[in-house]
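A closer look at the structure
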Amino acid sequence: MLYHNALSLSLILAIQHEAHRLGFDLCSFTPVGEAPHADFFDAWLAAGRAGEMTYLERHREKRRFPALLADPPSPPFETMVVLAVDYHQFDLPPEIRDDPSRGLIASYAWGGDYHEIIRPLLYELDVFIRNRTGRTTLGKCLVDTGPVLERDWAAAAGLGFTGKNCCTIRPSVGSWLFLAVLLIPESLPEGWTLHQTMKEQEALRRPATCGRCTRCLSACPTNAFVAPYELDPLRCISYWTIEARSIIPRELRPAFRNRIFGCDICQEVCPYNRRLGERTPRLAGLRAHHERIAPPLLEGFDPVHPYWLNQEAFHRQFARSPIKRAKRAGMLRNVCIALGNWGDPKTVPALAQALADPEPVARAHAAWALGCVLAKHSYAPAANLLTMALEVETDARVREEIYLALDRN
Ligand code: SF4
Ligand code: SF4
């Protein structure tokens, strides 16, 4: 069958051209072998770094050898097409970023859900290749959803290098990149490394690195970097506000400041991301929705306003957004932390709602936030709310938070 043949250089160039036409900004190729840092990842898992992300424990063998991701009757995959979409739009002005009454959302979530937007493009790219090679089996299209160490493969393909902040960095573009991979059974031409496209040859000749820079490591507000290139998610704001469902460690909460979904700090400070200017993503679905950038926190509780912390409104508003991953209870928990860090008596009516929420995780963080208001302002209505809640609260973790909050008066 034709797909046993190597891809020709002209077809590789045609694939890159098609990828760009579809909306990808970068497209590189690498032979599929053993994942370069599979041992490191296994040790990372063994150290318990995955936390509640238990899905990372699955498919270890396939993660190590992505060729095995082929579903019979597909032959094993020979080539990984590594693609990236640049999602940078603009830097947040300081008056918004530092406004404690607004909740910051990581910039990757300002637009639509990148999984839903990028996956169909990968299917289209696979169709393009199949039409050219005559292959009848499907390639594997993955957008941050399969057991693939995308950043390692991006580096192997010459698409960028992995920075000390664990992000893929393309020096000319920065690190605001969604990575995607398409696994195909066609192989690369014999001696591929000698025949890569001109741009990739140039990147290989002058490999970029972080050099002596350590900005991201020192800027992280929760000291989440155990070492350069090694992140402990259990200290990372992104992990806690997006992936975790449980109660957030008390000692970390003040460092979240007004971040309610993800965190961009270790990318914002990176010199490779400086002076990028304003950009409009070519994929229209990724363009920012105004209300998802830094929504006023109290509006989430207000039926007159968007009311986005109400169950029904949350689903309606975020059904096609990465924000849905945090779920409504998680977002309410995150917003309570931001309200506590604001610490203004104005937050008390909203926190009263959260303290009566059916979700214990929300009640626990509402209690903590009321404790912050008490600590800052000795505001009697906050103490009254906590005392009344104690009379009816049955959840041990919430009761503990209420006692600790009252102690701060
Ligand atoms: Fe630290 Fe934020 Fe980067 Fe996480 S995302 S490592 S909290 S700077
Ligand atoms: Fe590398 Fe500096 Fe960027 Fe961190 S901030 S990823 S150390 S260049």
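Numbers given to residues run from 1 along each chain, matching the order in which its sequence is written. Lettering of chains starts at A and numbering of ligands starts at 1, both following the order in which they are written. Given that this is a predicted model, residues contribute local features only at a pLDDT of at least 70 and side-chain atom pairs are listed and counted only at 80 or more, while totals for whole chains, interfaces and linings are drawn from all residues. Think of the side-chain values as coming from all heavy atoms in the structure, minus any hydrogens and water.

Glancing now at the domain arrangement of the chain. Domain limits in this description derive from either an automatic procedure or a database domain assignment. Its domain assignment divides the chain into domain 1 (2-87 + 114-205) and domain 2 (306-409). Computed over C-alpha atoms only, the centres of domain 1 and domain 2 are separated by 42 Å.

This part covers the nonpolar core. Note on soluble globular proteins: their nonpolar side chains tend to be buried together. Ranked by internal contacts, the top residues of the largest apolar core, which has 130 residues, are Phe 24, Leu 83, Tyr 108, Ile 118, Leu 182, Phe 261 and Met 331. Ranked by residues supplied to this core, first place goes to helix α15 (residues 360-377) with 10 residues. There are two domains that each give this core at least three residues, and those are domain 1 (2-87 + 114-205) and domain 2 (306-409). Apart from residues no more than four positions distant in its own chain, Met 331 is found in contact with Ile 260, Phe 261, Trp 308, Leu 309, Phe 314, Ile 323 and Ala 326. Buried Ala, Val, Leu, Ile, Met, Phe, Trp, Tyr and Cys residues form a nonpolar core when they are joined through side-chain atoms within 4.5 Å. Three exposure classes are used, based on accessible area relative to the maximum for each residue type with a 1.4 Å probe and protein chains only: buried under 20%, partly exposed in between, and exposed over 50%. Numbered from the N terminus, helices here are DSSP runs of H or I no shorter than four residues, and strands are runs of E no shorter than two. Should any heavy atoms of two residues lie within 4.5 Å, those residues are considered in contact.

Considering the arrangement of structural elements, one finds Ile 265 in helix α11 (residues 265-268). In the structure, Ile 265 is positioned 199 residues away from Pro 66 in sequence and 32 Å away in space, judged by C-alpha atoms. Dropping the residues within four chain positions of it, Ile 265 is found in contact with Ala 219, Pro 221 and Arg 259.

The cutoff for a nearby residue is simple: one of its non-hydrogen atoms must lie within 4 Å of the molecule or strand. Taken together, Gly 163, Lys 164, Asn 165, Ile 169, Cys 210, Cys 213, Arg 215, Cys 216, Cys 270, Pro 271 and Tyr 272 make up the full set of residues adjacent to ligand 2. Partitioned by chemical class, the residues of the shell around ligand 2 number 7 nonpolar, 2 polar and 2 charged. Throughout this entry, Asp, Glu, Lys and Arg are counted as charged residues, while Ala, Val, Leu, Ile, Met, Phe, Trp, Tyr, Cys and Pro are counted as nonpolar. The remaining residues, Gly among them, count as polar.

Any pair of Phe, Tyr and Trp rings, taking the six-membered ring for Trp, is counted once the centres come within 6.5 Å. Such a pair is stacked with planes under 30 degrees apart, edge-to-face with planes over 60 apart, and tilted for the rest. Evaluation of the coordinates by the stated rule reveals 12 aromatic pairs. Aromatic ring contacts, followed pair by pair, group Tyr 87, Tyr 108, Tyr 114, Trp 176, Phe 178 and Phe 261 into a single cluster.

Quick look at the environment of Ala 50 now. Looking at where Ala 50 falls in the secondary structure, it is placed in the loop between α2 (38-46) and α3 (60-64). On the basis of relative accessible area, Ala 50 is assigned to the buried category, the value being 4%. When the C-alpha atoms of Ala 50 and Leu 142 are compared, they prove to be 20 Å apart, with 92 residues separating the residues in sequence.

Once that is clear, we can look at the packing of helix α14 (residues 348-355) against α15. Structural elements are reduced to axes, namely lines fitted to C-alpha atoms, with helices fitted over the stretch in contact, and the angle between N-to-C directions of any two is expressed from 0 to 180 degrees. With their axes 8 Å apart at the nearest point, α14 and α15 run at an angle of 150° to one another. Between α14 and α15, the angle is such that the two are roughly antiparallel. Viewed along their axes, α14 and α15 form a crossing whose handedness is left-handed. Contacts between α14 and α15 pair Val 348, Leu 351, Ala 354 and Leu 355 from the former with Ala 362, Arg 363, Ala 366, Ala 367, Ala 369, Leu 370 and Val 373 from the latter. Of the residues assigned to the contact of α14 with α15, the class counts are 10 nonpolar, no polar and 1 charged. Between 65 and 115 degrees an angle is taken as roughly perpendicular, under 35 as roughly parallel, over 145 as roughly antiparallel, and anywhere else as oblique. Note on convention: near helix rotated counterclockwise from far helix by under a right angle means a left-handed crossing. Clockwise means right-handed.

Right, let's get into empty space enclosed by the protein. Any residue with an atom within 4 Å of a point lines the site, the site being either a cavity, points on a 1 Å grid over the protein atoms alone where a 1.4 Å probe fits but cannot get out, or a pocket, an open set with protein on both sides within 12 Å along at least 5 of 7 lines. Grid points are joined across faces, edges and corners, and a volume is the space filled by probe spheres set on the points. Scanning the model with the defined rule gives 2 cavities of 30 Å³ or more in all. Forming the boundary of the largest cavity are Ala 38, Phe 41, Asp 42, Arg 60, Arg 63, Arg 64 and Leu 149. When contributions to the lining of the largest cavity are tallied by element, the ones reaching two or more residues are α2 and α3. Looking at the lining of the largest cavity residue by residue, the class counts come to 3 nonpolar, no polar and 4 charged. Looking at the second largest cavity, its volume works out to about 30 Å³. Contributing to the lining of the second largest cavity are Tyr 87, Gln 89, Ser 107, Tyr 108, Gly 111, Gly 112, Phe 178 and Leu 286. Split into classes, the residues belonging to the lining of the second largest cavity amount to 4 nonpolar, 4 polar and no charged.

To continue, consider the site of ligand 1. Near ligand 1 the following residues occur: Cys 220, Pro 221, Thr 222, Ala 224, Phe 225, Leu 231, Cys 236, Ile 237, Ser 238, Cys 263, Ile 265 and Cys 266. At the level of elements, α9 (237-243) and α11 are the ones that each hand at least two residues to the shell around ligand 1. Taken together, the residues of the shell around ligand 1 break down into 10 nonpolar, 2 polar and no charged.

What follows is about the sheet that holds strand β7 (residues 177-184). Whenever strands of a sheet pair, they do so through backbone hydrogen bonds, lying parallel or antiparallel. In this analysis, strands are considered paired if DSSP registers two or more bridges between them. Spatial ordering of the open sheet is given by β1-β2-β7-β4, a layout of 4 strands whose pairing is antiparallel. Each having just a single partner strand, β1 (26-31) and β4 (140-142) make up the two edges of the open sheet. Taking the axes of each pair of neighbouring strands and ignoring which way they run, one obtains an average angle of 20° across the sheet. Summarising the sheet, β4 and β7 pair through 3 bridges and their orientation is antiparallel. Directly across from Lys 140, in β7, lies its bridge partner Leu 183.

Right, let's talk about the side chain of Asp 232 for a bit. Here Asp 232 is to be found in the loop between β9 (230-231) and α9. Polar side-chain contacts of Asp 232 include one of 3.0 Å to the backbone nitrogen of Leu 234. Residues contacting Asp 232, with those up to four places away along its chain left out, are Arg 49, Ala 224 and Val 226. Two N or O atoms form a polar contact when they lie within 3.5 Å of each other; inside protein one atom must be a possible hydrogen donor and the other a possible acceptor, and for residues adjacent in sequence the pair counts only when both atoms belong to side chains.

On to the pairing of strand β2 (residues 79-86), then. In terms of burial, β2 is largely enclosed, as 8 of its 8 residues are buried. Here β2 shows two buried faces, one formed by Thr 79, Val 81, Leu 83 and Val 85 and the other by Met 80, Val 82, Ala 84 and Asp 86. Relative to β2, β1 runs antiparallel, the two being bridged by 6 bridges. Bridged to Pro 31 within β2 is Thr 79. Alignment of β2 against β7, held across 8 bridges, turns out to be antiparallel. The residue of β7 that forms the bridge with Val 81 is Leu 182.

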